Amino acid sequence: MKRRFMLLFLVACALAITCPLASNATLPNNSSDTYELFMDVPNVSQDAAGDTLGVTGHGTWSVHPKSVNISGM
């Protein structure tokens, strides 16, 4: 009985490793999700030469229909 259970357990583990289920993020869908972006505090970056760049802004983007509306400085 223990050998059958162990064999069944090992087969189930092998199947779980070789055939993972697709996540919902990778499945094609027609959902119309909209996302918002808010950057009130500047996002600052500096390169090797010492030059800096600061970005602030706000906006929205959507998946279906594909659209973007972002403004900033």
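**A word on the pairing of strand 1 (residues 34-46)**
- Summarising burial for strand 1: 0 of the 13 residues are buried, a small minority.
- Alignment of strand 1 against strand 2 (residues 52-62), held across 10 bridges, turns out to be antiparallel. From the neighbouring strand, Glu36 faces strand 2, where its bridge partner is Thr60.
- Counting the residues in the hairpin turn of strand 1 and strand 2 gives 5 residues, including Gly50, whose phi is positive at 100 degrees.

**Digging into helix 1 (residues 2-18)**
- Between its first and last C-alpha, helix 1 extends 24 Å over 17 residues, near the 24 Å set by a 1.5 Å rise per residue.
- Little of helix 1 sits inside the fold, with 0 of its 17 residues counted as buried.

Reading the values: rules and limits
Residues numbered from 1 in each chain as written. Predicted model: local features only at pLDDT ≥ 70, side-chain atom pairs only at ≥ 80, totals over all residues. Heavy atoms only, no water. Buried < 20%, exposed > 50% of the residue type's maximum accessible area, 1.4 Å probe, protein only. Helix = DSSP H or I, 4+ residues; strand = E, 2+ residues; numbered from the N terminus. Pairing = 2+ DSSP bridges. Expected span 1.5 Å × (residues − 1).

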